[in-house]
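Next come the chains, spelled out residue by residue.
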Amino acid sequence: MTRPNIYSPEIWNDPHPFYAALRREAPVSQVEPGGMWAVTRYEDVLYVLKNPQLFSSEGFRPAVQPAWLQQRNPVADSILMMDPPTHTRLRALITRTFSASGVARLEPYIRQSAGEIVDGMLARRKVDFMAEMALVLPSRAMSALLGLDPSLAPRFKTWADAVTGVGIIPADDLKRRAELTGYLDELTHHLTGVLELRQREPGNDVVTDLLQARAQGGSMSDDELLGYCVLLLVAGLETTYDLLGMSALTLADNPDLWARLKKDRALVPKFVEEVLRFHAPSQSTIRTTTQETELGGVRLPKGATLLVQFVSANRDESVFPNAHRFELERTGSPHLTFGQGIHFCVGAPLARMEARLALEALLEKCERLVREPGPVTWNVAITTRGPAVLPLELLPA
Ligand code: HEM
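First things first, this report covers the structure right here in the doc. Please read all numbers here as calculations on a predicted model, not as lab measurements. As a convention, each chain's residues are numbered from 1 in the sequence order in which they are written. It should be noted that, the model being predicted, local features are given only for residues of pLDDT at least 70 and side-chain atom pairs only at 80 or more, the latter also being counted only at that level, while totals for whole chains, interfaces and linings use all residues. Side-chain descriptors were evaluated using all non-hydrogen atoms of the structure, hydrogens and water having been removed beforehand.

### Points about the overall build of the protein chain
The helix and strand tally for the protein chain stands at 17 helices and ten strands. Computed over the C-alpha atoms, the radius of gyration of the protein chain is 21 Å, within 12% of the 21 Å expected from 2.2 N^0.38 for a compact globule of 397 residues. With the C-alpha coordinates aligned to their principal axes, the bounding extent of the protein chain is approximately 60 × 60 × 45 Å. When contacts within the protein chain are restricted to residue pairs at least 6 apart in sequence, long-range pairs at least 24 apart make up 71% of them. Accessible surface computed for the protein chain: about 17000 Å², of which carbon and sulfur atoms make up 55%. Counted charges follow a simple rule, with Lys and Arg positive, Asp and Glu negative, and His plus the chain ends left uncounted. Charge positions are represented by NZ for Lys, CZ for Arg, CG for Asp and CD for Glu. Side-chain charges in the protein chain split into 42 positive and 47 negative, and the spacing between the mean points of these groups amounts to 3 Å. The helix count covers DSSP runs of H or I at least four residues long, the strand count covers runs of E at least two residues long, and both are numbered beginning at the N terminus. Two things to know: the radius of gyration comes from C-alpha atoms, and the globule rule equals 2.2 Å times the number of residues to the power 0.38. Contacts are assigned to residue pairs with any non-hydrogen atoms lying within 4.5 Å of each other. All accessibility values rest on the Shrake-Rupley procedure with a 1.4 Å probe; residue burial counts only the protein chains present in the view.

### Some details on the coordination of the iron atom of the ligand
Only one protein atom coordinates the iron atom of the ligand: Cys345 (SG), located 2.3 Å from the metal. Relative to the elements of secondary structure, cysteine 345 occurs in the loop between α16 (310-313) and α17 (348-365). Donor atoms are limited to N, O and S found within 2.8 Å of the metal ion, a distance that becomes 3.2 Å for Na, K and Ca. With water left out, some sites might look partial.

### Observations concerning the sheet that holds strand β8 (residues 305-309)
The pairing of strands in a sheet happens through backbone hydrogen bonds and is either parallel or antiparallel. Taken together, five strands build an open sheet; the order of strands is β1-β2-β8-β5-β3 and the sheet is mixed. With one partner strand each, in any of the chains shown, β1 (28-31) and β3 (55-56) form the two edges of the open sheet. DSSP calls a pair of strands paired once it identifies at least 2 bridges connecting them. Relative to β8, strand β5 (residues 284-289) is paired through five bridges, and the arrangement is antiparallel. The residue bridging arginine 287 from the neighbouring strand is leucine 306, located in β8. To get an axis, a line is fitted to the C-alpha atoms, and for a helix only the part in contact is used. The angle between two axes follows their N-to-C directions and goes from 0 to 180 degrees. Lying on the sheet, helix α3 (residues 42-50) is in contact with β1, β2 (36-39), β3, β5 and β8; it crosses β8 at an angle near 120°.

### Details of the site of the ligand
If a single non-hydrogen atom of a residue is within 4 Å of a molecule or strand, that residue counts as near it. Of all residues adjacent to the ligand, which total 28 residues, the nearest are His87, Arg91, Thr285, His343 and Cys345. In the analysis that follows, any N or O atom pair within 3.5 Å is treated as a polar contact, provided that within protein one partner can donate a hydrogen and the other can accept it, and provided that, for residues neighboring in sequence, both atoms belong to side chains. At a separation of 2.7 Å, an oxygen atom of the ligand approaches a polar side-chain atom of histidine 87. In the environment of the ligand, an oxygen atom lies 2.7 Å from a nitrogen or oxygen atom belonging to the side chain of arginine 91. Cavity means a closed set of points on a 1 Å grid over the protein atoms alone, one where a 1.4 Å probe fits but cannot get out, pocket means an open set with protein on both sides within 12 Å along at least 5 of 7 lines, and lining means a residue has an atom within 4 Å of a point. Pocket or cavity membership: a molecule qualifies when more than half of its atoms sit within 2 Å of the grid points of that site. When each cavity is represented as a set of grid points, the ligand is found to reside in the largest cavity. Of all the elements in the fold, those that place two or more residues in the shell around the ligand are α5 (86-91), α9 (136-146), α13 (222-253), β5 and α17. The element that contributes the greatest number of residues to the shell around the ligand is α13, accounting for seven residues. Amino acids are sorted into nonpolar (Ala, Val, Leu, Ile, Met, Phe, Trp, Tyr, Cys and Pro), charged (Asp, Glu, Lys and Arg) and polar (every other residue, Gly among them). Taken together, the residues of the shell around the ligand break down into 16 nonpolar, ten polar and two charged.

### Details of the sheet that holds strand β9 (residues 366-371)
Reading across from one edge, β4-β10-β9 is the order of the three strands in this open sheet, with antiparallel pairing throughout. This sheet does not close on itself; its edge strands, each paired only once, are β4 (126-128) and β9. On average, each strand axis in the sheet is inclined to that of its neighbour by 35°, with strand direction left out of account. Of the pairings in the sheet, the one linking β9 to strand β10 (residues 391-396) comprises five bridges and is antiparallel in character. From the neighbouring strand, arginine 371 faces β10, where its bridge partner is leucine 392. Packed onto the sheet, helix α7 (residues 107-124) meets β4, β9 and β10 and runs at close to 95° relative to β10.

### Quick notes on the pattern of salt bridges
Whenever Lys or Arg places a side-chain nitrogen within 4 Å of a carboxyl oxygen from Asp or Glu, that contact is recorded as a salt bridge. Applying the stated rule across the entire model yields 31 salt bridges. Among the ionic pairs, arginine 3 bridges to glutamate 32, the shortest N-O distance being 2.9 Å. You can see arginine 3 sitting in the segment before α1 (9-12) and its partner glutamate 32 sitting in the loop between β1 and β2, a full 29 residues away along the chain. For arginine 3, a relative accessible area of 38% gives the class partly exposed. Across the pair arginine 176 and glutamate 179 runs a salt bridge, and its minimum N-O distance is 2.7 Å. A residue pair is termed a helical-turn pair when its members lie 3 or 4 positions apart in one helix, as arginine 176 and glutamate 179 do in helix α11 (residues 174-200) at three residues. One connected set of salt bridges, linked through shared partners, spans Glu274, Arg277, Arg325, Glu327 and Arg330. Only protein chains enter the accessibility calculation, which uses a 1.4 Å probe; a residue whose area is less than 20% of its type maximum is buried, one above 50% is exposed, and one in between is partly exposed.

Rendered as structure tokens:
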């Protein structure tokens, strides 16, 4: 029997029926590409995330450092792809910067940016929300956080797409391979320059925090330092882009939800949480088994690659009542879109804040969001999913 390919349009365009069937019939089973083991039930996903000694994050590396790629993909040297004790040592260096109070320093700037972006969209009325808001707001947040030149923001997505795209381009697409290689060179060159600059002239940004942590005895190689910066840029952009896109799509398609939020802004954080659960902008992560082990009744060999599916766990009917209904008033088990355990998303407070501020600006300044009826085109990336374009008409309040 041929294995299903999770990136095929039949599954990618509407993944939920496929994962519901796997949860019922084959909760840990092999899929394409690469014969990875899809882990689909909430309980098993949690078990994998909470047991890094059995399920290593090193398994992520081949997905971003394929054999054909001659140069180093900087993200391959980042904490996302490391296990303890190296992961523990490096992660500790930025915990303070990303605490709720650390992130709150960015709030006035992000609120102002969100307001300006909505004003600009209202002036034109018909816009592609992905290009105008979903890309621009996280790019500005990442410029401020990392101390990057904001005029380079249009390059950020190109770079992020290259970092995550090298693992999934078809073997015969030599043109695209050459393009992505060029973007990786550009990214490495640029961030190396930023690191050199901040070494000479410290700023008020994460790059400076990392350099200071290293100077104060936190051991970190040059590759690890660069990997850190690249991971932050990629992790902070791609995922938040999809979260903002899924939020706007949900509100445009559900005028009743829009009306509820417009009446009661205190519901916005709950709405964001439910978008995170329901649509899982970060669909999955990757692990490899460190030894032969059993999971969900299946015997896995040592070295098996697991595709740990948040997109499926978040809809597990045994954990979430009415799992396939979008409900604001949820209590109980948390969604897994930010992961769990030692790799839990460092940027979760920032992502939540960006989404809240973008939605507050839209709700304040717009009467409604209107979408052309019809199917959505989805972007295809290793672990994230969201609309590729989202044409909306913004009606002013
Ligand atoms: C909606 C937005 C976001 C989602 C859904 C998301 C999701 C995730 C997930 C699932 C992980 C864990 C992966 C694993 O266990 O293998 C993770 C890790 C991480 N995220 Fe996020 N993320 C988002 C936004 C951000 C932002 C804004 C930043 C930073 C600016 C960020 C930085 C990181 C970092 C550095 C890690 C690695 C943590 C570690 O390995 O210990 N993320 N994220």
